[in-house]
Amino acid sequence: MADPSLAQTQATSPTTGVMVILTVKAGVTREQVMAVMPDEIRQTVQLYLGGKIREWYSRSDGRGAVFLLDVKDVADGQAIMEGLPLARQNLIDHEYTAIGPLMPLRLLMATP
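Residues numbered from 1 in each chain as written. Predicted model: local features only at pLDDT ≥ 70, side-chain atom pairs only at ≥ 80, totals over all residues. Heavy atoms only, no water.

Asker: How should the side chain of Thr-44 be read in this particular structure?
Answerer: By the secondary structure assignment, Thr-44 is in helix 2 (residues 30–49). If we ignore the near neighbours within four places in the chain, the residues touching Thr-44 are Ile-53, Trp-56, Phe-67 and Leu-84. (Helix = DSSP H or I, 4+ residues; strand = E, 2+ residues; numbered from the N terminus. Contact = heavy atoms within 4.5 Å.)

Asker: Please explain a nonpolar patch on the surface as it appears in this structure.
Answerer: Together, Ile-41, Val-45, Tyr-48, Leu-49 and Trp-56 line one region of the surface with nonpolar side chains, adding up to about 480 Å² of accessible area. Looking at the nonpolar patch element by element, the count peaks at four residues for helix 2. Residue classification places Trp-56 among the partly exposed residues on the basis of a relative accessible area of 36%. (Patch = residues over 30% accessible without salt bridge, like charges linked within 9 Å, V, L, I, M, F, W, Y side chains within 5 Å. Areas by Shrake-Rupley, 256 points an atom, 1.4 Å probe, with all protein chains shown as cover. Salt bridge = Lys/Arg side-chain N within 4 Å of Asp/Glu carboxyl O. Buried < 20%, exposed > 50% of the residue type's maximum accessible area, 1.4 Å probe, protein only.)

Asker: What exactly am I supposed to notice about the sheet that holds strand 1 (residues 17–24) here?
Answerer: Sheets are built from strands that pair by backbone hydrogen bonding, the pairs being arranged parallel or antiparallel. The strand order across the open sheet built from four strands is 2-3-1-4, with neighbouring strands paired in antiparallel fashion. For this open sheet the edge positions go to strand 2 (53–58) and strand 4 (92–99), each flanked by a neighbour on one side alone. Averaged over all pairs of adjacent strands, the angle between their axes in this sheet comes to 15°, without regard to strand direction. As defined by bridge partners, strand 2 adjoins strand 3 (residues 64–69) across five bridges and the pair is classed as antiparallel. Considered in strand 3, the bridge of Ile-53 is made with Leu-69. This element, helix 2, spans strand 1, strand 2 and strand 3 of the sheet and lies at about 150° to strand 2. Against the sheet, helix 3 (residues 74–82) contacts strand 1, strand 3 and strand 4, and its axis sits at roughly 150° relative to strand 4. (Pairing = 2+ DSSP bridges. Axes fitted to C-alpha atoms, helices over the stretch in contact; angles between N-to-C directions.)

Asker: Explanation requested: the environment of Trp-56 in the structure shown.
Answerer: Considering the arrangement of structural elements, one finds Trp-56 in strand 2. Along the primary structure Trp-56 and Met-19 are separated by 37 residues, whereas in three dimensions their C-alpha atoms are 9.6 Å apart. Filtering out sequence-adjacent residues up to four positions away, Trp-56 remains in contact with Thr-44, Val-45, Tyr-48, Val-66 and Phe-67.

Asker: Looking at this structure, I do not really get unusual backbone geometry. What am I missing?
Answerer: Outside of glycine, negative phi angles account for most residues, and trans bonds account for most peptide bonds. Unusually for a residue other than glycine, Asn-90 sits at a positive phi of about 60°. With respect to the secondary-structure elements, Asn-90 resides in the loop between helix 4 (85–88) and strand 4.

Asker: What am I meant to see in the pattern of salt bridges here?
Answerer: Pairs may arise between side chains of opposite charge once their charged atoms sit close together. Counted according to the given criterion, the structure contains four salt bridges. For Asp-93, the salt bridge is made with Lys-25, and the minimal N-O distance between the two is 3.5 Å. On the criterion of sequence distance, the pair formed by Asp-93 in strand 4 and Lys-25 in the loop between strand 1 and helix 2 is long-range, its members being 68 residues apart. Among the residues examined, Asp-93 registers a relative accessible area of 39% and is labelled partly exposed. The salt bridge involving Arg-42 is made with Asp-39; its shortest N-O contact spans 2.7 Å. Of the two residues, Arg-42 and Asp-39 both sit in helix 2, three residues apart, roughly one turn of that helix. Classification of Asp-39 by relative accessible area gives partly exposed; the value is 41%.

Asker: Even after reading the chapter, I still don't get the layout of surface pockets, so can you show me in this structure?
Answerer: Rolled over the atoms, a probe as big as a water molecule pinpoints where empty space is left. One number sums up the size of the largest pocket: a volume of about 530 Å³. Lining the largest pocket are 22 residues; nearest its centre among them are Val-33, Met-37, Gly-64, Ala-65 and Leu-86. Elements represented by at least two residues in the lining of the largest pocket include exactly strand 1, helix 2, strand 2 and strand 3. At seven residues, helix 2 tops the list of elements feeding residues into the lining of the largest pocket. Looking at the lining of the largest pocket residue by residue, the class counts come to 13 nonpolar, five polar and four charged. (1 Å grid on protein atoms, 1.4 Å probe; cavity = no way out; pocket = protein on both sides within 12 Å on 5 of 7 lines; lining within 4 Å. Points joined across faces, edges and corners; volume = space filled by probe spheres on them. Nonpolar A, V, L, I, M, F, W, Y, C, P; charged D, E, K, R; others polar.)

Written out as structure tokens, the structure reads:
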């Protein structure tokens, strides 16, 4: 990114959600995960119905999931995800990334 104005535009992007990548911890067995899944699914569906989860996906490698949360910052996302059964039993790791609008698109809207 050689253009400093482009970097500044991206740095000022407002947070409109948080992407969470869940990965099953090394050494955790499928049986351990499946024992918790009924409670995990119920609570996750409640979060979806409550508007906290915008989208959710399975990882194609079978090691976890990806969630797009409708929250304003990473701390709110952590509070939600750390309260779920798999996290409470320390079976998964989370990676949190704040997301927002693709701000460089504003450059297309600028008049010459």
